[in-house]
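Remarks on the overall topology
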Amino acid sequence: MADVSIRNVRKSYGKTEVVHGVSLDIPDGTFVAILGPSGCGKSTVLRMIAGLETITAGEIAIGGQVVNALEPRERGCAMVFQNYALYPHMTVADNIGYALKVAGVAKAERRRRVEEAARTVELTEFLDRRPGQLSGGQRQRVAMARAIVREPKVFLFDEPLSNLDAKLRAAMRLEIRRLHNRLKATSVFVTHDQAEALTLADLVVVMNAGTIEQIASPRDLYRHPASRFVAGFIGSPPMNMMPGVITAGGGVEIAGGGRLAIDLDDFDIEIGRAVDVGMRPEDVILDSRMQDAAATGQPALAFTAELTEELGATRLIYGKSGARDFAIAMPASSPQLPHGQVTRVHAAPARIHLFDQTTGLSLRNVARAQAQ
Amino acid sequence: MGKRVTFGNTFIGIALIVPQLLLVFTFFYWPTGEALYWAFTLEPPFGGGNQWVGWQNFETVFSDPKYYNSVKVSLIFAVGTTTMSISFALLLALFVDRQLPGYRVYRFAYFWPYALAAPAVGLAFRFIFAPQAGFVSAINTYFPGAWNPATNGNDAMLLIMLANAWKMVGYNFIFLLAGLQSMPRALLEAAALDGAGALRRIRDFQLPLLAPTLFFVLVINLTESFVDSFGIVEIVTNGGPANATDLMVFKIYTDGFVGKDYSLAAAQSIILMLLVVALTVVQFRFIERRVQYT
Ligand SMILES: Nc1ncnc2c1ncn2[C@@H]1O[C@H](COP(=O)(O)OP(=O)(O)OP(=O)(O)O)[C@@H](O)[C@H]1O
Ligand SMILES: [Mg+2]
């Protein structure tokens, strides 16, 4: 058990810097997911914690001890790799017990712990097989057991579920979380799958191009994205984004037509400021009352439906608002929206997001948002 | 297996294999046939066509104690030189695999010796290891008589082993390095996290997983040391001293082209060929099976 502290860590390969100063405090026993698009440096950060990559600048401490100069084996981390990295010439039992063997644990004790770990991941009947004789899901379990058996201070996962099919992935996700609830070891889980990150983690770290965009709980990440990048990355389909200008009287004038109501007190902004306006597809409200009341001046956007996707419980409607792509998500039970027909849509003021056009940062008043 | 490319036109297929068949026929089956013919016939001392003599040539070979000596030194040479070259190549490959500075340069540098003709290698070794003037002659100034391949059979054997090993190191190195580099990095990283240090990782992972490649270079090296060592022996020791380096392939040459007894030489060639074939079959049947994992 240990907390992990990453202080202003940088990583360069030759002259190219790929991680540009990352700071992150992971309290003991927390499950952290590092989420970001491909190539943003997630694995690199994880591998620096494990000791598989040198740290170019900054400091990483595990359990209060700075580990920059320590060998991987001295850091007390166990890692589950994307391709599992099982030892092909050893049986499952030997795979799981290898770390104990290296550590010089007596044979009987070793066998006991290997069997216990195998039981935890339901592998008992496969102990004598070679990894080549196992299915993908079973291999994944071996990799998990190999990590568990060492009782490490920190668990590291590098996209461990990405090679499994959707159903198995969901099942393993649940099992990993269950395991964490039982073992309560500090865990860092790298993924580019937001569903995985949001369902597993206590704390999600969103990375982009070598920097951290936001560190927040899954709920806050969704409700209060700190930047345009996070807003677009979290949620599916992504948040609708359009430029606009703040007008007097609590409104934002959307470029290309339309207006939305906002609560000016929620944001750190002034009248006349150009901003990016965001609205999640699932926050969009169809305004049937106003369908033929375009002139009433009630703030709304015009939306033309073009395509409908039925996803079981939800229905996605893709179309255009002005010249821009716009998506709406609604319960499948709600009435159909005929294609080609213009509808007026809006969202509750509290569900409207505003971002600075140059920095992309959220303009929401942080103090107020947290008080809510 | 994926789909095979097939030729609708049989003629193209035949046209494509004919050159290869011609080569194999000209350089393998034809000479082998000739050797077989020589091995079972004798040329009469005073001319005339060859006479069929059955196993007589083989009986002559097997009743000659010098022949057994030749088999013995060939085996010693084969095992010795193969061990040397593979272990040294393995060491180099392990170092290069760890990407010590400059590995790109010496990765190529190591392969060059293999491109040299055997006699050139032999000549170089003869000079370098010459007891009076070579680099190694320094030993003799401190321990007089410690090194003299011209009179000491063991020294001579060691010298040709070294020369042949040096020639083969680059070849082995390339294959072993490729074998090491085809191992998933993550596997060794997992081992490192599991607590295994560099030496332990070599012992528990790199060597076992390299076994198929090691097996392959073993077969190639043994075969090569039996059939392709002539150039080195010829230049470095000429089979001496006192037949201490009279390898089978060298004896075939001396009996055939110096002693002008083609039939005896042909019989020995056939034996050597069968020996190499048997060796290869045995290795593939009994060793290869134990080195496959997946
Ligand atoms: N050994 C290396 N040499 C040079 N550049 C590297 C090396 N390893 C990674 N990089 C670069 O560092 C950046 C971050 O790589 P990293 O593997 O951390 O990405 P990632 O976020 O894990 O992506 P993915 O989701 O695709 O695994 C990438 O741009 C990559 O090209
Ligand atoms: Mg990665």
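Residues numbered from 1 in each chain as written. Chains lettered and ligands numbered in written order. Predicted model: local features only at pLDDT ≥ 70, side-chain atom pairs only at ≥ 80, totals over all residues. Heavy atoms only, no water.

All names here are of chain A. Near ligand 1, the surroundings consist of Y13, V18, P37, S38, G39, C40, G41, K42, S43, T44, E159 and H192. Contact distances for ligand 1 include 3.2 Å between an oxygen atom and a backbone N or O atom of C40. One of the backbone nitrogen or oxygen atoms of G41 is found 3.0 Å away from an oxygen atom of ligand 1. In terms of residue class, the shell around ligand 1 is built from 4 nonpolar, 6 polar and 2 charged. (Near = heavy atom within 4 Å. Polar contact = N/O pair within 3.5 Å; in protein donor to acceptor, adjacent residues only side chain to side chain. Nonpolar A, V, L, I, M, F, W, Y, C, P; charged D, E, K, R; others polar.)

To continue, consider the nonpolar core. Residue and element names in this part refer to chain A. In terms of nonpolar packing, the biggest core is built from 57 residues, with I6, I49 and L156 touching the most fellow members. Setting aside anything within four residues of it in sequence, one finds L156 in contact with L46, I49, A50, C77, A78, M79, V80 and V188. Counting 46 residues, the second largest nonpolar core, distinct from the first, contains A118, F155, I176 and I234. (Core = buried A, V, L, I, M, F, W, Y, C linked by side-chain atoms within 4.5 Å. Buried < 20%, exposed > 50% of the residue type's maximum accessible area, 1.4 Å probe, protein only. Contact = heavy atoms within 4.5 Å.)

What follows deals with the interface of chain A and chain B. Tallying the contact residues gives 21 residues for chain A and 17 residues for chain B. Carbon and sulfur atoms make up 64% of the area that chain A and chain B hide from each other, which totals about 1,800 Å². Taken as a group, A:R73, A:H89 and A:Y98 account for 31% of the area that chain A buries against chain B, more than any other trio of residues on that side. At the boundary of chain A and chain B, one finds 2 salt bridges. Connecting chain A to chain B are 7 residue pairs in polar contact (both at pLDDT 80 or more). For the side of chain A that touches chain B, the elements supplying multiple residues, two or more each, are α1 (42-50), β6 (77-80) and α2 (92-102) of chain A. Taken together, the residues that form the side of chain A that touches chain B break down as 14 nonpolar, 1 polar and 6 charged. (Buried area = accessible area lost by both parts, 1.4 Å probe. Salt bridge = Lys/Arg side-chain N within 4 Å of Asp/Glu carboxyl O. Helix = DSSP H or I, 4+ residues; strand = E, 2+ residues; numbered from the N terminus.)

Looking now at α1(A). Residue and element names in this part refer to chain A. Most of α1 sits out of view: 8 of its 9 residues are buried. Within α1, the full set of buried residues consists of K42, T44, V45, L46, R47, M48, I49 and A50. Positive phi appears at G51, one or two residues downstream of α1, with a value of about 95°.

This part takes up a nonpolar patch on the surface. Residues and elements named next belong to chain B. A cluster of nonpolar side chains, L23, V24, F25, F27, F28, Y29, W30, M273, L274, V277 and V281, forms an exposed patch at the surface whose accessible area comes to about 1,100 Å². Where the nonpolar patch is concerned, the elements lending two or more residues are α1 (10-39) and α12 (262-287). Counting residues per element, the nonpolar patch draws most heavily on α1, which supplies 7 residues. As for its placement among the helices and strands, W30 is situated in helix α1. (Patch = residues over 30% accessible without salt bridge, like charges linked within 9 Å, V, L, I, M, F, W, Y side chains within 5 Å. Areas by Shrake-Rupley, 256 points an atom, 1.4 Å probe, with all protein chains shown as cover.)

With that settled, the discussion passes to the pattern of salt bridges. Where side chains of opposite charge bring their charged atoms close, a pairing between them can arise. All names here are of chain A. In total, this model carries 23 salt bridges over all chains according to the counting rule given. Residue R47 is joined to E53 by a salt bridge in which the shortest nitrogen-to-oxygen separation is 3.1 Å. Taken individually, R47 and E53 each receive the classification buried, so the pair is uniform in this respect. Across the pair R113 and E109 runs a salt bridge whose closest N-O atoms are separated by 3.9 Å. Taken together, the residues R113 and E109, both in helix α3 (residues 107-120) and 4 residues apart, mark about one turn of the helix. Owing to a relative accessible area of 15%, R113 belongs among the buried residues under this scheme.

A few words now on the sheet that holds strand β17 (residues 314-321) of chain A. Residue and element names in this part refer to chain A. Taking strand neighbours across the sheet as the criterion, the 5 strands line up as β15-β19-β16-β17-β18 in an open arrangement whose pairing is antiparallel. In the strand order of this sheet, the two ends are held by β15 (285-286) and β18 (324-331), each with one partner. Pairing of β17 with β18 involves 8 bridges; the strand directions are antiparallel. Pairing of Y318 across the sheet is with A327, part of β18. (Pairing = 2+ DSSP bridges.)

By themselves, these observations are geometric and do not establish any function.
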